[in-house]
Amino acid sequence: MLNVYRQAQAIVFVSDGTVEANTKIDRAFSALAVQEQNADAPLVNRIQLIYNRFSSQSGRVLDMPGVKTLGGAPRYSGGGTQQIINQLAKMAIFDGLL
């Protein structure tokens, strides 16, 4: 897996901002930091964060130094798959990956 990370231009974490999801993101970040130290491979500076189904009522934005937050997508309800894809395609959150 380390070889995949080394070749990646970006490592994208996705969270919904809940306490549980943010805890998992924090643990994954810590694990990559350890891998970075042990393998002498720059990984942490390539981590980027996208929020999916983010709710301002239950979600909390992570404050992770050095991690770029690309943006977030709100929770969509009542729309079909194609409608949701069309809405997401209009958002600029993916522009930072290109």
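What you see is a predicted model; the values in this text were computed from it and never measured.

A few words on helix H2 (residues 19–39). For an α-helix the count is 3.6 residues per turn, leaving residues at separations of three or four pointing the same way. Between its terminal C-alpha atoms H2 stretches 30 Å, which fits the 30 Å expected from 21 residues at 1.5 Å a residue. Along H2, the positions that sit buried rather than exposed are Ala21, Asn22, Ile25, Phe29, Leu32 and Ala39. Each buried residue of H2 lies within a common arc of 125 degrees when the element is viewed along its axis, so the set occupies one face. Exposed side chains of H2 directed beyond 90 degrees from the buried face belong to Val19, Glu20, Lys24, Arg27, Gln37 and Asn38. Those residues of H2 that are buried are in contact with helix H1 (2–7), strand S1 (11–15) and strand S2 (47–54). Where H2 ends, the next residue or the one after it, Asp40, has phi of about 50 degrees, a positive value.

Its location among the elements puts Ser15 in strand S1. Among the polar contacts listed, one links the side chain of Ser15 to the side chain of Asn22, at a separation of 3.0 Å. Dropping the residues within four chain positions of it, Ser15 is found in contact with Ala21, Asn22, Ile25, Leu49, Ile50, Tyr51 and Asn52.

Below, the discussion takes up the side chain of Gln48. Note that Gln48 resides in strand S2. On the basis of relative accessibility, which here comes to 13%, the residue Gln48 falls in the buried class. In this structure Gln48 touches Ala10, Ile11, Val12, Phe13, Val67, Lys68, Leu70, Gly96 and Leu97, once residues within four positions along its chain are discounted.

Here we take up the confidence of the model for the chain. The predicted model of the chain has a mean per-residue pLDDT of 82, with 96% of residues at 70 or higher. Per-element confidence in the chain is highest for S1, whose mean pLDDT is 89, and lowest for H1, whose mean pLDDT is 75.

Grouped together as the largest cluster of nonpolar side chains are 14 residues, with contacts concentrated most on Ile11, Phe13, Phe29, Leu32, Ile47, Leu49 and Val67. Here this core takes four residues from H2, the largest share from any one element. Setting aside anything within four residues of it in sequence, one finds Ile47 in contact with Ile11, Phe13, Phe29, Leu32, Gly66, Val67 and Lys68.

Rules of the game
Residues numbered from 1 in each chain as written. Predicted model: local features only at pLDDT ≥ 70, side-chain atom pairs only at ≥ 80, totals over all residues. Heavy atoms only, no water. Helix = DSSP H or I, 4+ residues; strand = E, 2+ residues; numbered from the N terminus. Expected span 1.5 Å × (residues − 1). Buried < 20%, exposed > 50% of the residue type's maximum accessible area, 1.4 Å probe, protein only. Arc of directions from axis to C-beta. Contact = heavy atoms within 4.5 Å. Polar contact = N/O pair within 3.5 Å; in protein donor to acceptor, adjacent residues only side chain to side chain. pLDDT = per-residue confidence, 0-100. Core = buried A, V, L, I, M, F, W, Y, C linked by side-chain atoms within 4.5 Å.

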